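Reading the structure
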Amino acid sequence: MLYYKTYRNNQSDEWVAFIHGAGGSSSIWFRQIKSFKSEFNVLLIDLRGHGKSQEAFQRYFTNDHNFENISKDIIEVLDHLKIKSAHFVGISLGTIIIRTLCEIAPERVKSLVLGGAVTRLNVRSKFLVGVGNALKRFVPFIWLYKLFAWIIMPRKRNAESRDLFIGQAKRLCQHEFMKWFKLTNNINPLLKYFNEKETIAPTLYLMGDEDYMFLPQVLKLVSHHKNAWLNILNNCGHVCNVEQPDEFNKLSIAFIRTHSLS
């Protein structure tokens, strides 16, 4: 089973599960824990091959590395903790995993908060994926990761987010990075499907105004999804939970409260 950590709140029946992106770990949510655990029960998860789940993955996980199986890993944790349903908060590639979970087990999802959401690859991001696939067997993966981090988060004020993600990625092994990078091979048809089919779970998108790689696609999606809302955070890049944590927490908690059982 994946590594997880819980913070229980005896005053609430609501659970909020946090899902990090590729190359990260549950430690990416360090600026959310205090605010959220005072309101809800909190579940932090390290995805397969990441953080403290690395050893468990090498020992126990033998199925294919795809978004469906990664989502089923999360459901296994929910089952183990007897959590029937939860609100999910994700960042970057973690938003795709949560959206996949909505497809395979919609009854487990009460609401979604998707930060730095990846909903469609633009020309530049497709080019980056192509370059990465061409070079991944010839250069150390951390070089590619650093390049991607600088392109996605280029500004000086993005430095903390950039350094945090690069620092987390250094803990991955080359073999594990390759497995996750292969997920990009089939990501476009999946994202197209998610754009065409709206989830029944209420969804809040939180995007930085400087997230130039992904914000335009989210703007288009929200314009035709009736059950989706968007808040744009000023002076903020891709990793908005780190760069604007107070605003991220305030908007997320208010949204989850609205969609919780009384």
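Predicted, not measured: the structure shown is a model, and the values here were computed from it.

Glancing now at the side chain of Arg 48. By the element assignment, Arg 48 lies in the loop between β3 (41-45) and α2 (54-60). When its relative accessible area of 0% is taken as the criterion, Arg 48 is described as buried. A polar atom in the side chain of Arg 48 sits 2.6 Å from the side chain of Asp 73.

Quick look at the environment of Arg 108 now. Here Arg 108 shows up in the loop between α4 (94-104) and β5 (109-115). Residue Arg 108 is classed as buried on the basis of its relative accessible area, which comes to 11%. A sequence separation of 21 residues divides Arg 108 from His 87, and the C-alpha atoms of the two residues are 8.5 Å apart. If we ignore the near neighbours within four places in the chain, the residues touching Arg 108 are Ile 75, Leu 78, Asp 79, Ile 83, Lys 84, Ser 85, Ala 86, Phe 88 and Leu 101. A distance of 2.9 Å separates the side chain of Arg 108 from the side chain of Asp 79, its partner in a polar contact.

One pass over the structure, following the stated rule, counts eight salt bridges. Of the charged contacts, one joins Glu 39 and Arg 257 as a salt bridge, the two residues approaching to 2.7 Å between their closest N and O atoms. Taken together, the positions of Glu 39 in the loop between α1 (33-37) and β3 and Arg 257 in helix α12 (residues 245-258) put the pair 218 residues apart, joining distant regions of the chain. By relative accessible area, which is 28% here, Glu 39 ends up partly exposed. One salt-bridge network, held together by shared partners, links Arg 99, Glu 103 and Lys 197.

Every buried residue belonging to helix α9 (residues 187-196) is among Ile 187, Leu 191, Phe 194 and Asn 195, and all of these are buried. Relative to the axis of α9, the buried residues are bounded by an arc of 100° and lie together on one face. In α9, those exposed residues whose orientation departs by more than 90 degrees from the buried face are Pro 189 and Glu 196. In this fold, the buried residues of α9 make contact with α3 (67-80), α4 and α10 (215-224).

Right, let's get into the nonpolar core. Counting residues in hydrophobic clusters, the biggest one holds 45 residues, and the most contacted among them are Leu 43, Ile 74 and Phe 88. For this core, the element with the highest residue contribution is α3, accounting for six residues. Among all residues touching Phe 88, those that are not within four sequence positions of it are Ala 17, Ile 19, Ile 74, Leu 78, Ile 98, Leu 101, Arg 108, Val 109, Ser 111, Leu 112 and Val 113. Residues Tyr 7, Val 16, Ile 33 and Phe 40 belong to the second largest nonpolar core, which totals 26 residues.

What counts as what
- Residues numbered from 1 in each chain as written.
- Predicted model: local features only at pLDDT ≥ 70, side-chain atom pairs only at ≥ 80, totals over all residues.
- Heavy atoms only, no water.
- Helix = DSSP H or I, 4+ residues; strand = E, 2+ residues; numbered from the N terminus.
- Buried < 20%, exposed > 50% of the residue type's maximum accessible area, 1.4 Å probe, protein only.
- Polar contact = N/O pair within 3.5 Å; in protein donor to acceptor, adjacent residues only side chain to side chain.
- Contact = heavy atoms within 4.5 Å.
- Salt bridge = Lys/Arg side-chain N within 4 Å of Asp/Glu carboxyl O.
- Arc of directions from axis to C-beta.
- Core = buried A, V, L, I, M, F, W, Y, C linked by side-chain atoms within 4.5 Å.

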